[in-house]
Amino acid sequence: MRALMVLLGLYLVVTLAVPLGIMLAKSLQGPGGAFVGAANYIQYFSTPALFQSVGNSLWVSLVSTVITVPLAFVYAYALTRSCMPWRGFFKSVALAPILVPSLLPGIGLVYLFGNQGLLKELLFGHRIYGPIGIVMAEVFFTLPHALLIMVTALSLADARLYEAAIALRATRPRMFWSVTVPGARYGLISATFVVFTMVITDFGAPKVVGGQYNVLATDVYKQVIGQQNFGMGAVVSVILLVPAAFAFAIDHVARRRQVALLSARAVPYAPRPHRGFDLIMLGCSAVIGSYLVAILAVSQYAALVKFFPYDLSFTLAHYDFDRKGGGGWLSYGNSIEMALWTAGAGTAIIFVGAYLVEKGRGFAAARAVLQFLAMMPMAVPGLVLGLAYIFFFNDPGNPLRGLYRTMAILVINTIVHFYTVAHLTALTALKQIDPEFETVSASLKQPVYRTFARVTVPVSLPTILDISIYLFVNAMTTVSAVVFLYGPRTELASVSVLNMDDTGEIASAAAMAMMIFYTNVGARTLHAGLAHWLERRTQGWRRS
Amino acid sequence: MCFLGPSGCGKTTLLRAIAGLDIQTSGRIEQAGRDISALPPTRRDFGIVFQSYALFPNLTAAQNVAYGLQNARKHRTEVARRVRELLDMVGLGGHGDKYPAQLSGGQQQRVALARALATSPGLLLLDEPLSALDAKVRVYLRQEIRQLQRRLGVTTIMVTHDQEEALTMADRIVVMNQGAIEQVGTPIQIYREPASPFVADFIGVMNFVTGTVSGAHTVRLGQLELNCQTDGMAPGTAVTLAIRPEDIVVEEAGRDEDNVFEARVDGLVFLGSFFRADLVGDVLAASRLRADLPVELVRRRAIGEGQPLTVGLPTGRIRVYPAAPIHP
């Protein structure tokens, strides 16, 4: 067990801590590799063209957050506190954006509001390319994440608080402000910081609809890919790391408090039908849902017609990816291969890691280090991680250099990129398992691995499935980290979307993005089927 | 053997040290003359039942019991036979195919017991095995476990905070407090001759009053001079006297009691099989004594609140401790 802990610790050090450390060091080095102290930073802050991005990034992140969080709150309120019809359907719609790369909303918006867009007039002469487009795309991209947090927060309500409020003759608005909002406040805080972090670190939306409006994430990309200025790329990355790490820390505290609010004796709140209110909620959800569906629908529609919006005759020509400048159909196959590897190997590594942290005995220092390393990826934006990987794995002195631009490095990088959420999910499930199982096994002279295989894994199987689907979906959609790491034979579908959009093949980019969407829908359906089958098979011993 | 004490007194820690789950910082643990202090749990000889039972939820009762047998290079039919034997032994013969969630708390408890006994360990450790059960099931299982343990003759250590459980089940009780052992003895010794005020107070109900040693075998309490064992304490020493409520006797015609004095009933509570009377008296000064009076006596003498009584404190039942009282 100790050997495994050391092994896993080394794995995370090599794939996470060391690359990040090297990146920090590079930001302090000149082009020749000599130590120049803060010179790069001074240059950065004294170049208005670069420094301006900090303000731009903060501005679009702020605006997106201010719009997304209230929308998510209303939508979540409709799902959890009203009796409006089709709640299941509305929930699925709102979660759809999770299944597409963050490049897709930009593409959809270009079709809707671009120079030839259907709804161009709605912008009253403003151009979609710029902060408006970025914010609109980010609302689409971050809404499901904020929604999931809000739904959880609003589901935790204690019905007795409302009964007490009614008994004290509180009006409905007073009840809302004195019971509902305080109960959901940590959810609101958490959602705010999650959305802010996602926007400030997102690279897909500003890349597609940002136009000349520079933000930190696109700057990293431009410095590295466009100008090959790795030192300055590292500087921007470090600057990007600051708000992300800060937001992560606050979110972490907020989540802890939310758990503490939950008392075991709380009576769950069940909404009662209320015609007028339910209709209002249905209306709000329909408006928000339509926006999400419109972006997906127009992307798919444009991918199937000759030249949107002028020639609307049907064609499959945009699916001829091999002639469109991206990685072709090969990239789609690569994505699936990468996602399967990530889901398989990633789930195994992360679950064993969480098991060692939670159930390991003794060696407390090692377990604390493991836990810290496991939490770190959450605070590291994908672009930063990708750049750190270039510095580390492309170093001529590194024996692991052979991995650069291979499938293996894409898988390793993606596992680390999405490590934290999966780790926390596994940890939650493991905490619910009786801590004495290992002890009983020891008294029965059974080795640890036998209990792990015969009891821990079977009991945690639903969670293991959840982790693997989470990794699969994210591996399919991720762009930010892998965009620095792919090679000619290992281009991914999501990267292909980016490259085709870059070369003006927007319809093909939309087609590929929608291919990713359908693949993820398929994977999710398969996952739901498996989970259902598992539940039926194990209903004998699982308490419902 | 029972470890008894309030929560946090270290009894579970001691049990876990014996099992090798938590390593002691100092001292040695020996089993059958062998020093096992440094051995990991897998190389010690014991079976254990936890408060939560820790039954594997995804395995049936039979699979749970078989868990420890399967790597001992035994033939499958032999394992199956042994599992059947164990389940029959704990009275769950027909329940082998059920999952833990389908069994009642008491049944789960017995499966856990069968699993712990499967490998025929030389030592059985029970960590609060009955505390998660209903009161009635608990009383029934007390006897079951006791009988099973007698029949198998396996040395058993049970941790409990329930004094009744300890008194009814144990051959010997170890009373612990704040990490230290207060007394080791049979249930009757522990109850009749508690070695310290802590033990006296923790087990059963006890009256504590303060007094002063006044002679070779006498202690002054208020205006009373009580005859009792003073263990050679010097006159003038402040002492705590302890006597159980059921040992206080009401004087009746034709009986000659020790340490007789006049008291008055200040309160009377009906507790089912007896009445508990709160006694005060001029001779007691500020002290009060609780006395358990038989229902029959209360009825016959029509004892009520405010009634004067002549009571006696039998010399042999008074314990004298050289310490400050726990209860004022």
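Residues numbered from 1 in each chain as written. Chains lettered and ligands numbered in written order. Predicted model: local features only at pLDDT ≥ 70, side-chain atom pairs only at ≥ 80, totals over all residues.

### With respect to the overall build of chain B
Scanning chain B from N- to C-terminus turns up 9 helices and 18 strands. Taken over the C-alpha trace, chain B has a radius of gyration of 25 Å; the compact-globule value for 328 residues is 20 Å, which it surpasses by more than 25%. The contacts of chain B with a sequence gap of at least 6 include a subset with a gap of at least 24, amounting to 63%. (Helix = DSSP H or I, 4+ residues; strand = E, 2+ residues; numbered from the N terminus. Rg over C-alpha atoms; globule rule 2.2 N^0.38 Å. Contact = placed C-beta atoms within 7 Å.)

### Re the overall build of chain A
Scanning chain A for helices and strands turns up 21 helices and 2 strands. Taken over C-alpha atoms, the radius of gyration comes to 24 Å for chain A, in line with the 24 Å a tight globule of 544 residues would show. The C-alpha extent of chain A, read off along each of the three principal axes, is 60 × 60 × 45 Å. In chain A, which comprises 544 residues, the share counted as buried stands at 47%. Across chain A, contacts joining residues at least 24 apart in sequence account for 81% of those joining residues at least 6 apart. (Buried ≥ 20, exposed ≤ 12 C-beta atoms within 10 Å, placed from the backbone.)

### What to know about helix α4 (residues 87-95) of chain A
Residues and elements named next belong to chain A. For α4, the set of buried residues is Phe90, Lys91, Val93 and Ala94. For α4, the angular spread of the buried residues around the axis is 160°, confining them to a single face. Among the exposed residues of α4, those oriented more than 90 degrees off its buried face are Gly88 and Phe89. Its buried side turned inward, α4 meets α3 (48-81), α6 (131-155) and α12 (275-304). (Arc of directions from axis to C-beta.)

### What to know about the packing of α4 of chain A against α12 of chain A
Residues and elements named next belong to chain A. At a minimum axis separation of 9 Å, α4 and α12 run at an interaxial angle of 40°. Here α4 is positioned oblique relative to α12, judged by the angle of their axes. In this structure, the crossing between α4 and α12 has a hand that is left-handed. On the side of α4, the interface is formed by Phe90, Val93 and Ala94, while α12 contributes Ser285, Gly289, Leu292 and Val293. For the contact of α4 with α12, a count of residues per class yields 5 nonpolar, 2 polar and no charged. (Axes fitted to C-alpha atoms, helices over the stretch in contact; angles between N-to-C directions. Parallel < 35°, antiparallel > 145°, perpendicular 65-115°, else oblique. Left-handed = near helix turned anticlockwise from the far one by under 90°. Nonpolar A, V, L, I, M, F, W, Y, C, P; charged D, E, K, R; others polar.)

### Description of the environment of tyrosine 319 of chain A
Residue and element names in this part refer to chain A. Relative to the elements of secondary structure, tyrosine 319 occurs in the loop between β2 (311-314) and α13 (328-359). Residue tyrosine 319 is classed as partly exposed on the basis of its 16 C-beta neighbours within 10 Å. Taking the C-alpha atoms as reference points, tyrosine 319 and valine 236, 83 residues apart in sequence, are found 36 Å from one another.

### Focus on the pairing of strand β15 (residues 274-280) of chain B
With 6 bridges joining them, strand β14 (residues 260-270) of chain B and β15 of chain B adopt antiparallel strand pairing. What sits directly across from arginine 264 of chain B, in β15 of chain B, is valine 280 of chain B. (Pairing = 2+ DSSP bridges.)

### Here we look at the interface of chain A and chain B
Contacts between chain A and chain B engage 17 residues on the former and 20 residues on the latter. When contributions to the side of chain A that touches chain B are tallied by element, the ones reaching two or more residues are α18 (437-443) and α19 (448-477) of chain A. Among the elements that line the side of chain A that touches chain B, the one with the most residues is α18 of chain A, at 5 residues. The residue inventory of the side of chain A that touches chain B, partitioned by class, reads 8 nonpolar, 5 polar and 4 charged.

### Focus: unusual backbone geometry
Geometrically, the link from phenylalanine 308 of chain A to proline 309 of chain A is a cis peptide bond, its omega value of -5° lying close to zero. Mapping proline 309 of chain A onto the fold places it in the loop between β1 (305-307) and β2. Of note, the phi angle at serine 120 of chain B is positive, near 50°, even though the residue is not glycine. Inspection of the secondary structure assignment puts serine 120 of chain B in the loop between α4 (105-117) and β5 (123-127).

### Things to note about the sheet that holds strand β10 (residues 218-221) of chain B
All names here are of chain B. One open sheet holds the 5 strands; their spatial order is β11-β10-β9-β12-β18, and the pairing between them is antiparallel. Because the sheet does not close on itself, it has two edges, and the strands there are β11 (224-227) and β18 (319-321). Taken pair by pair, the neighbouring strands of this sheet meet at an average axis angle of 40°, ignoring direction. Where strand β9 (residues 207-213) meets strand β12 (residues 238-243), 6 bridges bridge the pair, whose relative direction is antiparallel.

### Notes on the pairing of β11 of chain B
Residue and element names in this part refer to chain B. Of the strand pairs in this sheet, β10 and β11 are connected by 4 bridges, and their pairing is antiparallel. From the neighbouring strand, arginine 220 faces β11, where its bridge partner is glutamate 225. Hairpin connection of β10 to β11: 2 residues between the antiparallel strands, including glycine 222 at a positive phi of 55°.

### Details of the nonpolar core
Counting residues in hydrophobic clusters, the biggest one holds 160 residues, and the most contacted among them are Ala72, Leu387 and Ala513 of chain A. For this core, the element with the most residues is α6 of chain A, which contributes 13 residues. Among residues more than four places away in sequence, those in contact with alanine 513 of chain A are Val100, Pro101, Leu103, Leu104, Ile107, Ser299 and Val497 of chain A. Formed by 90 residues, the second largest nonpolar core is a distinct cluster that contains Phe437 of chain A together with Phe56, Leu87 and Cys228 of chain B. (Core = buried A, V, L, I, M, F, W, Y, C linked by C-beta atoms within 7 Å.)

### Thoughts on the environment of arginine 536 of chain A
Its place among the elements puts arginine 536 of chain A in helix α21 (residues 506-537). Arginine 536 of chain A sits 493 residues away from glutamine 43 of chain A along the chain, and the two C-alpha atoms are 62 Å apart.

### Here we look at the packing of helix α5 (residues 103-113) of chain A against α21 of chain A
All names here are of chain A. Where α5 contacts α21, the two axes come as close as 10 Å, and the packing angle between them is 135°. The angle between α5 and α21 falls in the class oblique. In this structure, α5 crosses over α21, and the sense of that crossing is left-handed. Contact residues: Leu103, Leu104, Ile107 and Val110 in α5; Ile506, Ala509, Ala510 and Ala513 in α21. Classifying every residue of the contact of α5 with α21 by side-chain character gives 8 nonpolar, no polar and no charged.

### Overview of the sheet that holds strand β13 (residues 249-250) of chain B
Two strands in a sheet stick together by hydrogen bonds in their backbones, pointing the same way (parallel) or opposite ways (antiparallel). Reading across the sheet, the 5 strands line up as β13-β17-β14-β15-β16 (chain B) and stay open at both edges, with antiparallel pairing between neighbours. Of all strands in the sheet, those with a lone pairing partner are β13 and β16 (289-294) of chain B, marking the two edges.

### Focus: α19 of chain A
The end-to-end C-alpha separation of α19 of chain A is 37 Å, well short of the 44 Å expected for 30 residues at 1.5 Å each. For α19 of chain A, the principal kink sits at leucine 461 of chain A and spans about 65°; a proline, proline 462 of chain A, occurs within the next four residues. (Expected span 1.5 Å × (residues − 1). Bend = angle between axes of the 7 residues up to and from the residue.)

### Re the environment of valine 219 of chain B
Residue and element names in this part refer to chain B. Looking at where valine 219 falls in the secondary structure, it is placed in strand β10. Valine 219 sits in the buried class, given 27 other C-beta atoms within 10 Å. For the pair valine 219 and valine 199, spaced 20 residues apart in the sequence, the C-alpha separation amounts to 22 Å. The contact partners of valine 219, leaving out residues within four places of it in the chain, are Gly211, Thr212, Val213, Ser214, Leu226, Cys228, Thr230, Val239, Leu241 and Val320.

### Considerations on the confidence of the model for chain B
Residue-level pLDDT values for chain B average 86, and 96% of them are 70 or greater. This complex was scored by the predictor with a pTM of 0.84 and an ipTM of 0.72. (pLDDT = per-residue confidence, 0-100.)

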